[in-house]
Each structure stands twice: as structure tokens, then as C-alpha cells.
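Coordinate inspection notes
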Amino acid sequence: MIKIDSIKKGIVIDHIKPGCGHTIFKDLGLHKVGYTVALIKNIPSIKMGKKDLIKIENEIDLDMTMLGLLDPNLTVNIVENGKITEKIKLKLPEKIKGILKCKNPRCVSTIENITDIEFTLIDPENKIYTCEYCDTPVKA
Amino acid sequence: MLKDRHLIQPGDFTVGEIQGLFELADQIMESPEKYMDVCRGKLLATLFYEPSTRTRFSFEAAMLRLGGETIGFSEPGSSSVSKGESIGDTIRTIGCYADIAVMRHPKEGAPLLASKKSVIPLINAGDGGHQHPTQTLTDLMTIRRYKNRLDNLVIGLCGDLKFGRTVHSLVKALSRYENIKFVFISPNELEIPSYITDKLTSEQYETTRSLEGSLGKLDILYMTRVQRERFFSEEEYLKLKDYFLLNAKKMEKAKSDMIVMHPLPRINEISTDMDNDDRAVYFEQAKMGMYIRMALIMKLLGVE
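Residues numbered from 1 in each chain as written. Chains lettered and ligands numbered in written order. Predicted model: local features only at pLDDT ≥ 70, side-chain atom pairs only at ≥ 80, totals over all residues. Heavy atoms only, no water.

Attention now goes to the interface of chain A and chain B. Put simply, an interface is often sized by how much accessible area is lost when its parts join up. Facing the 14 residues of chain A at the interface are 19 residues of chain B. Contact between chain A and chain B buries roughly 1,400 Å² in total, counting both sides, with carbon and sulfur atoms accounting for 54%. Summed over the shared surface of chain A and chain B, the number is 2 salt bridges. Its salt-bridge partner being Lys116(B), residue Glu132(A) comes within 2.8 Å of it at the nearest N-O pair. Our count for the contact surface shared by chain A and chain B stands at 12 residue pairs in polar contact (both at pLDDT 80 or more). (Contact = heavy atoms within 4.5 Å. Buried area = accessible area lost by both parts, 1.4 Å probe. Salt bridge = Lys/Arg side-chain N within 4 Å of Asp/Glu carboxyl O. Polar contact = N/O pair within 3.5 Å; in protein donor to acceptor, adjacent residues only side chain to side chain.)

Structure representation (C-alpha cells):
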């Protein structure tokens, strides 16, 4: 197995579906940063069979809403002095703002410049949200 | 307290607040002369980005009968909207002149967007195929008047259930009352949207293609017109426009106390041979609309 050092202070994103690590890595902009980061793919996992994992050797503000939307089954571990001090189980956010766009051609958001449309979760299993303006369902 | 609030969708008011509106509307109907000056000096702005005769007249008549005045536009071409002004800027400006505003807009959610910027009470008078809460208040008031209750009813909704905003609003509003059963009668292409049925249990509704097969079990039949302006293709509209027709012959299958409602205008979906049937209440329904709007204007302005 490839050895990758433990981090002293930072964040470990665990339980990423195999093959999805790269997308999350890019969505978080980690491919552009100057500090130490690692994307490990296809790690053997008892629970998942295989999983991806991301290690970030830095304190950064993670957008938990965005992460929860990408994969609500992720675990975010906060590491201090080489030890996990906090485990955050993600879930699908009940409300999201400014991320999704409404696809209904009759929605007012198609003619007005609205950047902060709020979407409300109505079907967690299928990741379906509805637009606050027209109630149209949108898949996240 | 409804003073200074907006009405964007029926759920904005509690069942109790709506009951308060009905009671005030009853009093206005009983003694209209007592209310003919309560809005003197107040101005209602009617912002109609889409043509409407009935709803606009109903609001204007309501305000004038309360002693107030009205200003506004009945198509966007005659306003600064044609210069590209945003909805937010329009409502902010109108708020400098008027005390209360009414908005109809072809885009869904436009009144909600406007309400976020409005400093005066704003009433949604219909947004695309989405919501039409004052029609809902009208419908509820009509049902209450003819059936003496708003619970324990079987209501058939027939016609364009996909784009029919009056239907969407009415279902949302009635589902807050006990033991209401909906029968959705429409062609495949105009079925009720899933975001409406998702909020109902399977016992609360059924869908069918047959008007005649459903008539016998209904306490109320709510007919709607297939609206040409909601279709992108004329061909699709022509295919569906005469799908359901209600006439005196078909009414023989209905209960003797079933009422027939329609938000108007009708085209062909209700034959004129129905108009003298005591069960046809659609013109009375329009009258209820004016009284409930009078009550609504009074409550939002906080006048007595």
C-alpha cells in the first residue's frame, strides 16, 4: 500500500464514493492550492468495499452545504496535533442558496437577475429540491 | 393581524386569519353602506403585466366601493417595464405613491420577488400557471356560502390542472381542512403537477380521465378552461381545448346539491344550457370575489 503521512493539523474528508474524490478535490479548488493536499483513490474499506479520501494539511473553511450536496454520506474529520478532534457527519442541506438554478422557463428567475434563489429539500432519497419562486422540482 | 402583510400564496394566512376575512366579507355583503368610506384617501396600485379583465375589475371595484382610489397599468407596454425596469425597482417606486398594490405577472414567482422589495402590502393576483390566492379566497368563500362548511367534502377539479393556477392554489388551501377528497379530472397532457400531489396522501386524492364517471360522487365540481396563453404550441392547444364539456345532460348524473364552480372566463367547457341550473354558481362566485377582496384590502391596510 502507498504510504501517505498523517496530517498534523487540518482536515480529512473520508467515506468518499470511489471515483468521486477527484470531483470533490476540484470542486473545493484543492488542485490550485500551495499547501499539502492528498487525494487517495480506491482505498480498501470494510463498509464501502472501496473509498476515496482527501487529506488537507491546512485549516480552511469548508463549504459544508456544498459538500453535503455533493455527497451526504461523507465524513469530515478535523485534525489537531495529529489527532481527530471532531467528526462531522454530513447530510443533505434542508435549504440551499445560490448553488442551484431553476430550469422552469416560466420562472421569474429566467428574466430577473436573482443570484440567491433558495431551494428547499423535498425528496432526500432522490436529492430533489424545489425553487422558492415557482415550486419547480430540481435534481441537485 | 394582517396589517402590512403580503398575500403571495394561500398558505401565507392561517385558517383563523382566513376565517376572519370571511366574517368581514359577510358583514360587508350585509351592510355595504357602512363600508363605503373606510378607505377614503387610500390608493391601490394595480400592476398587471398580463392582460386581465375580471381580476383587475374586481380589485378596482373593491377599492372604489370602499371609498379609495386606484392607479396602475393593464399591460407592461404602457409602463416603464417596457424600458427594462426590474420588478424590484417598479414595486419600490410604486410604494412611494400607493398604499397597497396588486400584481399579476406571467412569470411564476414574480410577486414573491416583488414582495421582498415592497414597503407596502402586495397581493398576488396570479403569477403564470403558479398561484392565484385571491381567486382561492373567492373559491373558499363560495364553497362556505353554498355548502356551509369547508371540511368533509369531495371536490372534483376538471380541465387544465397542469397550468391552472386557480386549481393549484385551491388544492393547497383546501388540504388544510379536515377530510377533503380531491378528484383530479384531466387529460394526460394536463395532469396536476407532482409538487401538488406530493403534499397529499394517497387517500386524499384520485386522478381520472373521465368527467362523467366521476360526477355522481362529487359535492363540488370545479371546472377550468384550457388556457391558450400557457401553450408554446397552437397545435397542442387545439388538441386539448375541448377535451371536457359539461352540459345539462351530463348534469343529470350529478348529485342534486352538487355545485358547479368556474373561475371564469369560460370558453366551451360549460355549456350555456347549464346557466339556469341552480347548481351553477359561477356568476355568484365572481360576486363573492369582490367582497372577499374588499375584506382583504381592509385587513391589509388595517382600516375598520
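Across the 6 residues that make up strand S4 (residues 122–127) of chain B, a large majority, 6, are buried. In terms of handedness, the path from strand S3 (residues 100–105) of chain B via helix H4 (residues 110–115) of chain B over to S4(B) forms a crossover that is right-handed. (Buried < 20%, exposed > 50% of the residue type's maximum accessible area, 1.4 Å probe, protein only. Helix = DSSP H or I, 4+ residues; strand = E, 2+ residues; numbered from the N terminus. Right-handed = clockwise from strand over helix to strand, strands pointing away.)

Moving on to the packing of aromatic side chains. Residues and elements named next belong to chain B. Under the criterion given, the structure shown has 4 aromatic pairs over all chains. Plain terms: the ring middles of Phe182 and Phe184 are 5.8 Å apart, the flat faces sit at 5° to each other, and that makes the pair stacked. Judged by its relative accessible area of 1%, Phe182 is buried. According to the relative accessible area criterion, Phe184 is buried, its value standing at 1%. (Phe/Tyr/Trp six-rings, centres within 6.5 Å; stacked < 30°, edge-to-face > 60°.)

A few words now on the side chain of His130(B). Note on placement: His130(B) falls in the loop between S4 and helix H5 (133–147). Here His130(B) falls in the buried class, since its relative accessible area comes to 5%. A polar contact is formed between the side chain of His130(B) and the backbone oxygen of Tyr133(A), at a distance of 3.5 Å. When residues no more than four places from it in sequence are discounted, the contact partners of His130(B) are Tyr133(A), Cys134(A), Asp135(A), Glu108(B), Gly109(B), Arg165(B), His168(B), Ser169(B) and Tyr195(B).

With that settled, consider the pattern of salt bridges. The tally for this structure, following the rule as stated, stands at 22 salt bridges over all chains. Between Arg144(B) and Asp26(B) there is a salt bridge, and its shortest N-O distance comes to 2.9 Å. Placement of Arg144(B) in helix H5 and of Asp26(B) in helix H1 (residues 15–30) is noted, with a sequence separation of 118 residues between them. Here the residues in one salt-bridge network are Lys9(A), Glu59(A) and Glu80(A), joined through shared partners.

Glancing now at helix H6 (residues 165–174) of chain B. When you tally the buried positions in H6(B), you get 9 out of 10 residues, the bulk of the element. What H6(B) keeps buried is the set Arg165(B), Thr166(B), Val167(B), His168(B), Ser169(B), Leu170(B), Val171(B), Ala173(B) and Leu174(B).

Residue and element names in this part refer to chain A. An order of S6-S7-S8-S9 is seen for the 4 strands of this open sheet, with the pairing classed as antiparallel. Two strands bound the open sheet, and with one partner strand each, they are strand S6 (95–97) and strand S9 (137–139). Averaged over all pairs of adjacent strands, the angle between strand axes in this sheet comes to 40°, irrespective of strand direction. For strand S7 (residues 118–123) and strand S8 (residues 128–131), the ladder comprises 4 bridges, and the chain directions are antiparallel. Note on S8: the bridge partner recorded for Leu121 is Tyr129. (Pairing = 2+ DSSP bridges. Axes fitted to C-alpha atoms, helices over the stretch in contact; angles between N-to-C directions.)

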